[in-house]
Amino acid sequence: MQLPAVPGALAPSLLAIPVAFGINGVTTLADSPLALVLTGVLVLAGVVSIIFFVSGGSHFQDPLFCVFVVFSFTSVVDLIIALEEDGYISGFVEVYVQEGEPYLRTAHGIMICYWDGLVHYGLYLAMIAAIGQRKSYRNLGLFWLGSLTMSIVVFQLGNLIGKYSSDLSPAFLLHLPYLLIPAWAGGRLFQQPKALPCLSPEKVTEEQRKRLYQRPQDAGLVLVLLLAAAFTFFRGMVVLDCPADSCFEYIYQHEPYLRDPVAYPKVQMLIYTFYVLPFFCLGVYGLVLPGCSWLPDWSLVFAGAVAQAQFSHLGSSLHARTPFPYQTPEDVWWSFLGTNVLYALAPQLLAYRCLRCPAFFLPAPATLHGGKKHQ
């Protein structure tokens, strides 16, 4: 009897079956890190085999499909690590974390595991489903690209220069694919065709002729980006030990987490200063002058990067694993949360603006006026 075919969009749900059995098997092998790694490899091979036979191999025509399947498995592992470190479960990966990657037990390590196990996992399932349904996943992929890149760069640099630099083991090399694969995946994502909006040349020209004062929403967004840029510059000066009284007061009374010797917050602020700050300035430029066709794509990349970074920074500042002298004081919780949440929203609003009304960012229809003259 022939079994009914399973739709491609339902294939990701099968991930839960082998992962669940694999996790139960790991509990009996928790005393051996090597057995834990071998079990994970076998479970991953089972996941790929099931999806291959269900889809008939058609999904594997897109090489990013394999990347998303493998990374979705590691996202589940990261979620298990975060839940175990916070005490919700026990006996799964304790030996591996203690002996292989002790820096995952920090507040920052736990936060990036939560983000990978929840947000990245959701993105992987959505993109796998889109591939199965022959739909575009370019925008989701660009958001994921920025998020994953920010996560791995800050984490690895913090491990290399922070207090855990002396505890690095060969397990550190397991993160090497996370540095190489996003670069390759990003190239493929940018090469995918864009979904062009159905707009007439007249509509594009009309939108691009408007000055900034004629676009009050864009003017407000420019103000938000300028404030975010100023806040970025200020915190960069704080972690660079600026002697100004305002910097000294801020790092001791508002964000003492910036002094944590794990070095993750310092690396994060420096990346903000040298990469996110210039992008905020370019975002203002793109909102003032029309035709910046590069802005919609890069706004998605930076929206994902800042969202991941702010989640990890906020969570780590308030997490119990952060030593008490570096935790955010209770009397400034609301101001700390308010400023950091608004900071995280700035690139999200820019990306939403670019996707909602893309006419201002399209190349100018140069032949429009010449055609009208001949008519």
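Residues numbered from 1 in each chain as written. Predicted model: local features only at pLDDT ≥ 70, side-chain atom pairs only at ≥ 80, totals over all residues. Heavy atoms only, no water.

**Q** I'd like a rundown of the pattern of salt bridges, residues and numbers included.
**A** Applying the stated criterion across every chain, the model contains eight salt bridges. Here arginine 215 and aspartate 218 are joined by a salt bridge, their closest N and O atoms 2.5 Å apart. The class of arginine 215 is buried, set by a relative accessible area of 6%. The buried category is assigned to aspartate 218, whose relative accessible area is 3%. (Salt bridge = Lys/Arg side-chain N within 4 Å of Asp/Glu carboxyl O. Buried < 20%, exposed > 50% of the residue type's maximum accessible area, 1.4 Å probe, protein only.)

**Q** Residues and numbers for the layout of surface pockets, please.
**A** Of the voids in this model, the second largest pocket is the one considered here, and its volume is about 380 Å³. As for the second largest pocket, its lining consists of 18 residues, and the residues nearest its centre are Asn139, Lys194, Ala195, Pro296 and Leu355. When residues of the lining of the second largest pocket are traced back to their parent elements, those giving at least two are α6 (138–161), α12 (295–318) and α13 (333–356). Of the residues assigned to the lining of the second largest pocket, the class counts are twelve nonpolar, three polar and three charged. (1 Å grid on protein atoms, 1.4 Å probe; cavity = no way out; pocket = protein on both sides within 12 Å on 5 of 7 lines; lining within 4 Å. Points joined across faces, edges and corners; volume = space filled by probe spheres on them. Helix = DSSP H or I, 4+ residues; strand = E, 2+ residues; numbered from the N terminus. Nonpolar A, V, L, I, M, F, W, Y, C, P; charged D, E, K, R; others polar.)

**Q** So what's going on with unusual backbone geometry? Residues and values would help.
**A** With a phi close to 60 degrees, arginine 134 is a non-glycine residue in the positive phi region. Tracing the backbone shows arginine 134 in the loop between α5 (107–132) and α6.

**Q** Break down a nonpolar patch on the surface for me, with residues and values.
**A** On the surface, Leu282, Tyr285, Val288, Leu289, Trp294 and Trp298 cluster together to form a nonpolar patch covering roughly 540 Å² of accessible area. Take valine 288: it is sitting in helix α11 (residues 264–288). (Patch = residues over 30% accessible without salt bridge, like charges linked within 9 Å, V, L, I, M, F, W, Y side chains within 5 Å. Areas by Shrake-Rupley, 256 points an atom, 1.4 Å probe, with all protein chains shown as cover.)

**Q** Before we move on, could you go through helix α10 (residues 245–253) and cite the residues and values that matter?
**A** Residues of α10 that are buried: Cys247, Tyr250 and Ile251. Here the buried residues of α10 occupy an arc of 90 degrees about the axis, which is enough to place them on one side. Among the exposed residues of α10, those pointing more than 90 degrees away from its buried face are Asp245 and Phe248. On its buried face, α10 sits against α9 (216–239). (Arc of directions from axis to C-beta. Contact = heavy atoms within 4.5 Å.)

**Q** Explain the packing of α11 against α13 to me, using residue names and the numbers behind them.
**A** Packing of α11 against α13 brings their axes to within 12 Å, and their N-to-C directions diverge by 40 degrees. Of the possible angle classes, the one that applies to α11 and α13 is oblique. Of the two possible hands of crossing, α11 and α13 adopt the one that is left-handed. Between α11 and α13, the contacting residues are Tyr272, Val276, Phe279, Phe280, Gly283 and Leu287 on the first element and Tyr343, Pro347, Leu350 and Arg353 on the second. The class makeup of the residues in the contact of α11 with α13 is eight nonpolar, one polar and one charged. (Axes fitted to C-alpha atoms, helices over the stretch in contact; angles between N-to-C directions. Parallel < 35°, antiparallel > 145°, perpendicular 65-115°, else oblique. Left-handed = near helix turned anticlockwise from the far one by under 90°.)

**Q** An account of α9 is needed here, citing residue identities and associated values.
**A** The end-to-end C-alpha distance of α9 is 35 Å, a good match for the 34 Å that 24 residues give at a rise of 1.5 Å each. If you check which residues of α9 are buried, you get Asp218, Leu221, Val222, Leu225, Ala228, Ala229, Phe231, Thr232, Arg235, Gly236, Val238 and Val239. (Expected span 1.5 Å × (residues − 1).)

**Q** So, the environment of valine 77: which residues are in play, and what are the values?
**A** Relative to the elements of secondary structure, valine 77 occurs in helix α3 (residues 63–85). On a C-alpha basis, the gap between valine 77 and phenylalanine 92 in space is 9.6 Å, while along the polypeptide they are 15 residues apart.

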